[in-house]
Each structure stands twice: as structure tokens, then as C-alpha cells.
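Topology and contacts: notes
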Amino acid sequence: MKFSELFADKNTLLLYSFMFGPNWDKPCPSCTSLVDGFDRSWYQVTQSGASFVAIAKAPAERINAWAKQRGWSQIWLVSGSVSPYQADYKCQGDTDDMQWPVMHVFMKRDGRIFHFWGTETMMNHVDTVWPYWNLMDFTPEGRPDIDTPPQKFRSEFLEKHFADDPKGRSGSTA
């Protein structure tokens, strides 16, 4: 699929790069929480004039298997396994397995595609669009003191490779 086709019939494209590298056993728990919410918001976003797609570096068959397990059925999911997108738009580190959670917005005008907006820091990259944390902000207790929304799975790849990252970029706090 060509990048321009991700816009479908829209002039705006929201493209979320979620952390699921080609050698990972499971994607990032935090990114999974985000895509859980994005999948349920996809319809409203696309009815409001924007295309909304999630991309990961893992192969398509692994992304699709995870989507089926999670019940994702709305948001378009694409694999960047053979694309330079993640490297070009700072969605990864030095290797394909060093993935970062990044939201980008592109716009199409006069037949040309422009980059409109992208996340700037790791610590608040998409905080304003994360349904879980926003809903918890409304509760009397506020946000729970946990690194990531509750999940019933663990990522062995992230725990093995990022748990002791000196820059604090563990898979559980993405």
C-alpha cells in the first residue's frame, strides 16, 4: 500500500506508530491500551473527516493475529516491516526492534502531502488522546499510581531488552 492511500478519501491522516518490533513476542502493553481505545474511536474520527491508521514494524500476520486476540476490528492496521517510515519519522531507535510510540498527523493539499504535527517527547507523547488516563482523571481518586493501564499479558521481549534501560524507556512506561 502506498502512503498516499492511507488517506483514503480524507485530507487528514492520523498515523500512530505503536511499539511492536519484528522480533517481539507481543506489543507494548501501553501501546496496546492506546490502540484498544483508538479502535473504538476510529469510527467517530473517520466520520469527522480524518483517516486514522496504526502502524507497527512487526510483520502483518503478527499484527493481525494480535488484533484478533484484542478484538480490534475498526482501526486500520498496517505493517511497516519493509517500509522506512518508522526510521524516517523517528518512530524507532538504531534498529527495527527499538520502536517508539509516536503520533503523527499529515495533511493532503493540492495533491501534495505535508507533515502537520508529531509528538515531541516520550513522556507525554499522546497523553491527551489516551482514553484510559483521561477517564481516570475524572474519578475522585484520579489516575492510579501505575506505569501502564492494567493488562493481562506481559511482553517477554520488552522485559528482557528494555526493563533496565538507563534512559527509563522500559516497555511498561511507553
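The text that follows walks through the structure, step by step, so that each part is easy to find. Only a predicted model underlies this, so the values are computations on that prediction, with no experimental measurement involved. (Residues numbered from 1 in each chain as written. Predicted model: local features only at pLDDT ≥ 70, side-chain atom pairs only at ≥ 80, totals over all residues. Heavy atoms only, no water.)

1. Description of the overall build of the protein
Tallying secondary structure elements over the protein gives five helices and five strands in all. When the helices and strands of the protein are placed in sequence order, the string is β-α-β-α-β-α-β-β-α-α. Here the C-alpha radius of gyration of the protein, 16 Å, is about what a compact globule of 174 residues would show, namely 16 Å. Its C-alpha atoms give the protein principal-axis dimensions of roughly 45 × 40 × 30 Å. Relative to its full complement of 174 residues, the protein shows a buried share of 43%. Accessible area of the protein: about 9700 Å², with a carbon and sulfur share of 52%. Distance from the positive charge centre (18 side chains) to the negative charge centre (21 side chains) of the protein: 5 Å. (Helix = DSSP H or I, 4+ residues; strand = E, 2+ residues; numbered from the N terminus. Rg over C-alpha atoms; globule rule 2.2 N^0.38 Å. Buried < 20%, exposed > 50% of the residue type's maximum accessible area, 1.4 Å probe, protein only. Areas by Shrake-Rupley, 256 points an atom, 1.4 Å probe, with all protein chains shown as cover. Lys, Arg positive; Asp, Glu negative; His and termini not counted. Charge placed at Lys NZ, Arg CZ, Asp CG, Glu CD.)

2. Details of unusual backbone geometry
Despite not being glycine, Lys 90 shows a phi value in the positive range, around 55°. Looking at the element boundaries, Lys 90 is found in the loop between helix H3 (85–88) and strand E4 (102–109). Judged by its relative accessible area of 65%, Lys 90 is exposed.

3. Regarding helix H2 (residues 60–70)
Helical geometry: 3.6 residues make up each α-helical turn, so side chains three or four residues apart lie on a common side. For H2, the full list of buried residues reads Ile 63, Trp 66 and Ala 67. Seen end-on, H2 carries its buried residues on one side only, within an arc spanning 105°. In H2, the exposed positions that point more than 90 degrees away from the buried face belong to Glu 61, Lys 68 and Gln 69. Elements that come into contact with the buried residues of H2 comprise helix H1 (29–47), strand E2 (50–56) and strand E3 (76–79). One or two residues past the end of H2 sits Gly 71, with phi positive at roughly 85°. (Arc of directions from axis to C-beta. Contact = heavy atoms within 4.5 Å.)

4. Observations concerning the pattern of salt bridges
Scanning the entire structure with this criterion turns up six salt bridges. Two residues, Asp 39 and Arg 40, come together in a salt bridge whose shortest N-O distance is 3.3 Å. Using a relative accessible area of 2% as the deciding quantity, one classes Asp 39 as buried. (Salt bridge = Lys/Arg side-chain N within 4 Å of Asp/Glu carboxyl O.)

5. Describing the state of the cysteines
Working definition: the covalent bond between the sulfur atoms of two cysteines is a disulfide. Inspection of the entire model under this criterion finds zero disulfides. Looking at Cys 28, it has no disulfide partner, and the nearest cysteine sulfur is the one in Cys 31, 3.8 Å off. Looking at Cys 28, the relative accessible area reads 0%, which means it is buried. Of all cysteine sulfurs, the one in Cys 31 lies closest to Cys 91, which takes part in no disulfide; the gap is 11 Å. (Disulfide = S-S within 2.5 Å.)

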